[in-house]
Structures are given as C-alpha cells and as structure tokens.
Amino acid sequence: MANFVIGIDLGTSNSAVAQSSPPSGEILDFPILQSFRAGEALARPLLPSFLYAPLPEEMGSLQMLQGSWICGEYARWRGARVPGRLVFSAKSWLCHPDIDRNAPILPWGASRDSQKISPVLASTLLLRHIAQAWKQSHPSDPLEKQAVVITVPASFDEAARGLTVKAAREAGFESFTLLEEPQAAFYHFLSHQQNNLQKTLESVRLVLVVDVGGGTTDLTLIKIELGEAGPSLTRIAVGEHLMLGGDNMDAALARVAEQQLTQSGRKISATQWTQLIQLAREAKEALLGEASPPDHTLSLMPEGSQLLGKSISVKFTRAQVEEILLDGFFPAAPEPAIQSARTGIRELGLPYASDPAITRHIYSFLKQHQDDAFAALGEKSDGLPRPDAILLNGGVFNSTQIAQRLAIVLSSWWPAAEPIRILQHRSLDLAVARGAAYYGLVRRGQGKRISSGTSRSFYLGLATAEGTSAVCILPKGLEEGDMVELKERPLFLTVGQPVQVPLYFDSGDRFDKPGTVLSDLASLQALPPLRTIIRPVQKHFTQMQVFLRAKLTEVGTLELWCVSDKTGEQWKLEFDTRSTVVSNNPIVATRSLPPSAIIAKSFIEAVFTGKTAAEAPKSIRQLWTALEKQLGGRENWPVTTLRELAETVIEQSGRRRKSADHERIFFQLLGYTLRPGYGYPLDSWRVEQVFKLFSQGIENQKEKPVWNEFWIFWRRISGGIQRAEQVRIWETLKPHLETRLLPGTRKAPGGPKFEGSDEMIRLAGALELIPLSEKQLLGDWLLESLRQPDKPNAGPLLWALGRIGARLPVYAGIDSVLEPHIIEGWITRLLDLNIERLDGGAFTLLQIARKTGDRIRDVQESTRGEILARLEAADAPPIWRQLLLEPLTLESADAARAMGDSLPVGLRLV
C-alpha cells in the first residue's frame, strides 16, 4: 500500500494539497514550493492556479518552471501586470461545452503569435507542478505512487470529469480517484468532529452544502440518520452545473473600478480589462481574507504607448467590496425565481450563469429536489424543504458579512422557524484538500463514509418503430465499481463505421431502474455524444448485435461499452468533447424505413444506374419532382430520411459523371441531404467519405451549373469538414479568388478554369476553421473588391465578409474569431461605402459588430453606436438594432441567413 494518502484541491483560483500517513490518521497541509518573486521561492499552503509564460529576461531568476510556463504566486502576480501571457480559470474552460478543450486557446484573447495551451494541458501543468514540489520534499515517495484523491465540482458532467482524469494521467498520476468538492468540504467537517459527531449532529436531518468556488457554485444535500452505531450519511442531491463564483465577483468589482477609471472619458482596452480582472481578484482576496486590511489599492498599468501614460489607482474598502458582492450575488430578493436571459455568455469568453444571484439558485435547487429533501426530513409537503443546517465552503465566506447575509436570506424563507444553523469547520481555503485526504483514509476504513454513488441517472437515446425514447442505463445512486448490463435491450450496429450514441442525464429526484424506457425526454439534459467503431475479429460480419455495459469506475467516471454476446468482444464508447451541436436524434436501433423513403431511394438508384424502378422519373431533371411527390415538400423531410437518401447518393458517386445533368444533380442532392455536415450520428464519417471527391473535381468543366453545385455542396457541408481539409479547400480557391477579386495582381492559375465565382466566394466565407491570417487576407480582398467601380455582384462579397468577420461563428469555436481591431478597420471602410444601402449590407454590419458580452471579441461601443445609427436610418428590423446593444441569440430566420442555408428538421445548432 502507498505510504501516504494525498488530497488535492485542483481549484479554479487556488489549488491546495493535504497529506496523511496511515495509520496515524493525522491530516497535515502540504506547503507547495513556488516562485514568489524573481529569485525568491517559497512554500505556501495555497498554489494559485495561474500559469504564466515568462519573458526571456525573466527565465534565469525563476524556480519550478514547467517547460516554458510557470505556475503559482509569481504567475498570478506577474501575469496581472504583463498582458497576454497569463492563463487562469483553466477549470472553467475545462467544462466549457462549446470549445475544443484539447485545443491551444489559452490565454484567451492573447495575440495570434502568443504561446498558447489547451485547458487540459493547463490542468496537467498545475498537477505536474504539485507532483514536482512533492518529489523535492519526499524523493523516495513520488506523488504518482501514493493514494491520491483529486476533487472536482459536483456539477461537472462526465465529459469534464473524463478530461480531468486525462490531465492527471498526463501529469504522471497512476493511482487516484475523484471526489466531489462539497463532499470533500463535509468530510473536512467530519474529520475534526469525529470524536463528538453524534452530539454535534443531534437533531440535524438534512444539511445543505453551499460551495462557492472560483469558477462554480456547487450545491449538495446530505441526509443525516442517527443510530446506535453513529450517524449514517447519504448524499441525496447535487445541483446542476452553475458557472458562477469568484470569477464573476472579480468581474463585478472590475466593472466598478472601470467606472471610476474612465470617468474622464478614458477607455479600457480588452487587454487592460483582463489585467483589471486580476487586480480586482487581488483586492477581493486581500479584503475578504481571515486577517484583512481595511482597504486595498489596485493600480492599472499603461498598455504600451496607447493608453493612460501613467498607472491609475482605485481604492476599495472592505465594506465597499462586501456591499457590491452582497447586493449582486446574495440579494434578499422577494422574488426567488431565477432571472433568465437569452444568452449566458459573459466576460472573458466563458458561458457564465445569466443570473448572478446565488440565493435564487439555492431556492431553485431546493425546489427541484423537494421530494428527496422532504423524505430525508420525514415530512410530507409540496412547499420548500428547510435544511436543518448549512455548511459553507469557499474563500468568499471568509467575509463574516457575506456568510451572515446568506444565512439571513435562507432563514427568511421560513419566517416562523428558528434561524438555520451554520455548521462550523476550519479554514475555508484548505477544507477541500483536507477533506479529500480524510476521504482517502475513509476508503481504508479509517472514518465515517458518506454514501453517495452517482448523483445522476443516465439514459441512452433510442429510435424505435414507436418513436423517440430513452432507456435508463445507469440509475442514480450507483456506487463506484458497480456495473449494469442491458442485455434485454440489444442494439444492432453496422460494422466498420463510427457509431454515435446520444447520452442524457437527469439529476432530479426521479429514480429509474436500468432498462426503464422513457417516452418523454423533456426533463433530460444532453451530454456530448458517445462514439465508437465496431471492428470485430471476424471480418465477415456486416452488422452485429450488441448490448450496453455501463460502469461507474473506481476513479468516479462513467464508462460505457458495446459488448457482443456472440463473440465476447467489447468496444469502448468515448465522449466527443469537440461537439458544438445539440441533437435530439437518437441512435437507430432498427434500420426499418417507411415505404415512401424506400421508394425514394429506388428513384435515386434508378436515375444513376439506368435500371427501371416503379414510377421512377423518366429524366434526371425530374428527380426532385418525383422525390417531393413521394416524400412531400423537401423542407419537411426529417433528418433520418435525409441521411438515408444521402447514403444512397454517396453510393452513386462513381456514376455521377454520366452526363452534366447527372453530375449537377449529384452534388445538388448530396448537399441538400447532408447539410450542414454535422449534428447527426455518423455525419463525420459521411463527410470523411465524400471529401475524396474534392480532389477529383468535376468532369463537365465547361458547364457553369455543375461548377455552381460543386461549390455549393462544399459550402453546405463545411461545418463537418475538418480543419486540415478546410485549409486544403482554401488553398485551392485562393489563387483563383485573388485574380477575380483583385484583377491584375497576378496571372490566372493554370489548370481547369473554375467557374461560378459567386459560389466560390460564398464557400470561402464558410470556411470558419482556416487560420485567422488567411481569414484576414480574404476579408481585405473582399473589401477591396467592393471598392472597385466595376465590382461584381456585391451580395456574395457581403455574405462572405459577414461570415468570416462574425463575432459569433456558425459552427467554429469562439477561438476562431478575428480580433476586434481588425473588424473595426473593416467597419470604417464599409461605412465609407454606405454599405448598409446595398442588399445584405446591413446584415453584414450586424454580424461583424453584434454584442457578445465578451470584451475580447466585441468591437468598441462607439463603433456599435455608429452602426446602430446607420441601421436605424436604413429601417433595419428592431431585433437587429437590439442585437448591437445586448448579447442575444439570432432568431431562426436570421440564423439561417447567416449560415446560408436552412437546417434539417430536428437539428439545432449551439
């Protein structure tokens, strides 16, 4: 067995480590060696979870470097003063659903040539630093060989937990498990109350744990049952993911500081705003600490030669900070309902909760879990369950004022009862690490265990002859190591191609046994889809019957496998954490199609093979008419039918060259049935299969309609084309577009003469994954073409410009957005041309200037104001004007206009 049990609090703002050496059971803090200032290294109980890329002249004076990154106190201090070199809130980015969390996107908003890392790598580097510090102190007992417990937010979904495990593995950890942070905080309470626990918890039946961390607010309910052998503890409810915590409070303080700094008309740049966030964090932690001064001054440094010349200071008092946080985050509002918004995107690119009032979220949490809570209390009611006690965790509660405000607000919901009791435990900053270490001892039988298991029930989406449904594969409360096999619900899966499986969860009070089928999916929430490829040992199989095996691992993550009853083989299902699409389309358990769709498929086969089919169209030109007669209007074809037709068209790719009409209709039909190239099971595989057609080009090169459909096809499925392939398309288009957009700059390229300039331009604009430098180049070409007296049709130019300069891409991650200063230059040139008067011009201005709430992406307020005046003069729709002022979502018609196409019925893009 390992010599040490280690608890690691991998926090958003600070990380900490606690240790115990069984069998003593004593828990000690482990001070982590880190650079404090240049040339000075100190061991501190808290390791700030910040990573900084030092300047070359700093490298020689720093200790504990991780490659070219340094973490800890020096990183936090220095990074707040050197823009564009600081990575922070990595854990919040780790659970961001709309980005590729393995992509190098941090520091967020740093210049293109800056060194960047992924959220996963940032977490890895923090853990690696901890392991290195431990090794220096315990050279014969490396951390990776100890029994390690790493904490995660209780609300982390399975994808975020899996990425945390990946980061730990890459940091060299071998034996570890995950523990929910609110449970860790309660374990810390248990550890110092263990000799008097029965008396301490007397008359306590239900405890609410409120853990306000740097990036999340975690809510948990624990049921207490007293008995002769001592209290029995069960975690009965966990709150939904709530990205709301210290980061939001820092932003609130920074906004107050900004108002003071800009009273004389000065402006704060996006880079300075990032600095101001860090300085506000320093002020908050200084003023809310256990031994805090009465005030704190933060000084914003000048940015190059652009801004303020000298640093400007703002002073915060402790009372002022507490007032801002009390009113904004712990209001005693008479209306407890959560204030919703049409978007949750806020500062720094993260999808923060739209309502910052933590008290309202607590009310909603108690209401959501009222059945389980009242059962724990031994009461029956349909009102709001009242916990007997509250355990607070998180550095913000070092403020007595804030802790008291929360207790007062919660107690006011039951005015006839006594004030709710606050359980006391030691060190809000170190409780989670200490509790994790105690949990490690509990796993060895040295303490009181909280019965928990998974806090959610998991469901697999299925499509059957009766319609869409979901089957429970893992029930709420399953313990670590438990396994469920759904042999009574076999799946029939095609061999040799990817299988995508929709997965859902429910964190409410419902308890379903494995195999329970739900027809109403309204209460379920979608997780990133799961994928695998069935490659059996016996190659002659074309389809296999499998069943699903689900397991809650010892680490605390969900594992799912497809298992063959016949051969015993199994294939693991992996989360697709790059998904930016929400699809309610379940896996098809049966391949049956309605007769109309089968007939429609035969029509397609007949026109390409020349074989007769019942009522087949007599000419290729009549195919669309025949299909709509059989299936109804094409705009109402469900995505299941569309993809079946797409696969039939793909099978005819070798026959598309029979005539110009065959080639034209091939690309036209395939583009329509495969659009937008993603969002439905196997779409990535389908797009991968058809991409080989790009290099083959077209046969009928003198036919412009064929060229048009060729370019339209690639635009329609561009969202499913991978980055490298998009670059390949762009490099093919680039020389041809340059000669057409900038006549006389270069000779026309050799080879076939590309036709369909308008559709080529639109295709280029839809390539959202090409490098930012190439997007900027294309935008400059488009703008120059718009200035030419004999410019071509302005519509495609404006559409492409709006797409590549959009503040919110259609399918790419938010890291693919061009910098605001580039867009502001484009806007100046567009306004000089009175572009809003041209068809499509006003919408282009809207796309490249609409407000996101993320200062790294937003253009200046004065620029948006000028565009607003132009849109009002052009009588633009009111919602367009509103989109310039508020971070709202596009209405469906405008979203389709931005994408350049409609979506199939049943797909919804994030």
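The preceding data block contains the structure.
In short, a report on the structure. Computed from a predicted structure; not experimentally measured.

Moving on, we get to the packing of helix 17 (residues 660-674) against helix 20 (residues 704-716). Running from N to C, helix 17 and helix 20 cross one another at 20°; their axes reach a closest spacing of 8 Å. Viewed along their axes, helix 17 and helix 20 adopt a mutual orientation that is roughly parallel. Two packed elements cross with a definite hand, and for helix 17 against helix 20 that hand is left-handed. Contact residues: A660, E663, R664, F667, Q668, L670, G671 and Y672 in helix 17; P705, V706, E709, F710, F713 and R716 in helix 20.

Turning next to the layout of surface pockets. Each pocket or cavity is described by its volume, and for the second largest pocket that value is around 990 Å³. Mapped onto the lining of the second largest pocket, the elements with two or more residues apiece are strand 4 (32-37), strand 6 (46-48), helix 1 (73-79), strand 12 (206-212), helix 7 (246-261) and helix 8 (270-287). Residue contributions to the lining of the second largest pocket peak at four residues, all from helix 8. Looking at the lining of the second largest pocket residue by residue, the class counts come to 13 nonpolar, 17 polar and twelve charged.

Residues of helix 29 (residues 892-899) that are buried include every one of D894, A898 and M899, and no others. All buried residues of helix 29 fall inside an arc of 140° around its axis, so they share one side. Facing away from the buried side of helix 29, by more than 90 degrees, are the exposed residues S892 and A893. Where helix 29 ends, the next residue or the one after it, G900, has phi of about 85°, a positive value.

Judged by pairing direction, the sheet is mixed, and its six strands sit side by side in the order 18-17-12-13-14-19 without closing on themselves. Edge strands, defined here as strands with exactly one partner in the open sheet, are strand 18 (421-423) and strand 19 (450-451). Pairing analysis gives two bridges linking strand 14 (residues 232-238) to strand 19, with the strands arranged parallel. Bridging across to strand 19, L233 finds its partner in I450.

Let's shift gears to the pattern of salt bridges. Between side chains of opposite charge, a pair can form as their charged atoms come close. According to the stated counting rule, one finds 37 salt bridges in the structure shown. Residues E819 and R112 are paired through a salt bridge, measuring 2.9 Å at the closest nitrogen-oxygen approach. A residue pair is termed long-range when its members are at least 10 positions apart, and E819 in the loop between helix 24 (794-804) and helix 25 (820-832) and R112 in the loop between helix 2 (90-94) and helix 3 (119-137) qualify at 707 residues. By relative accessible area, which is 34% here, R112 ends up partly exposed. The partner of R205 in a salt bridge is E379, with the nearest N and O atoms 3.4 Å apart. Separated by 174 residues along the polypeptide, R205 in the loop between helix 6 (197-200) and strand 12 and E379 in the loop between helix 11 (370-377) and strand 17 (389-393) bring together distant segments of the chain. According to the relative accessible area criterion, R205 is partly exposed, its value standing at 30%. The partly exposed category is assigned to E379, whose relative accessible area is 37%.

Scoring rules and cut-offs
Residues numbered from 1 in each chain as written. Predicted model: local features only at pLDDT ≥ 70, side-chain atom pairs only at ≥ 80, totals over all residues. Heavy atoms only, no water. Axes fitted to C-alpha atoms, helices over the stretch in contact; angles between N-to-C directions. Helix = DSSP H or I, 4+ residues; strand = E, 2+ residues; numbered from the N terminus. Parallel < 35°, antiparallel > 145°, perpendicular 65-115°, else oblique. Left-handed = near helix turned anticlockwise from the far one by under 90°. Contact = heavy atoms within 4.5 Å. 1 Å grid on protein atoms, 1.4 Å probe; cavity = no way out; pocket = protein on both sides within 12 Å on 5 of 7 lines; lining within 4 Å. Points joined across faces, edges and corners; volume = space filled by probe spheres on them. Nonpolar A, V, L, I, M, F, W, Y, C, P; charged D, E, K, R; others polar. Buried < 20%, exposed > 50% of the residue type's maximum accessible area, 1.4 Å probe, protein only. Arc of directions from axis to C-beta. Pairing = 2+ DSSP bridges. Salt bridge = Lys/Arg side-chain N within 4 Å of Asp/Glu carboxyl O.

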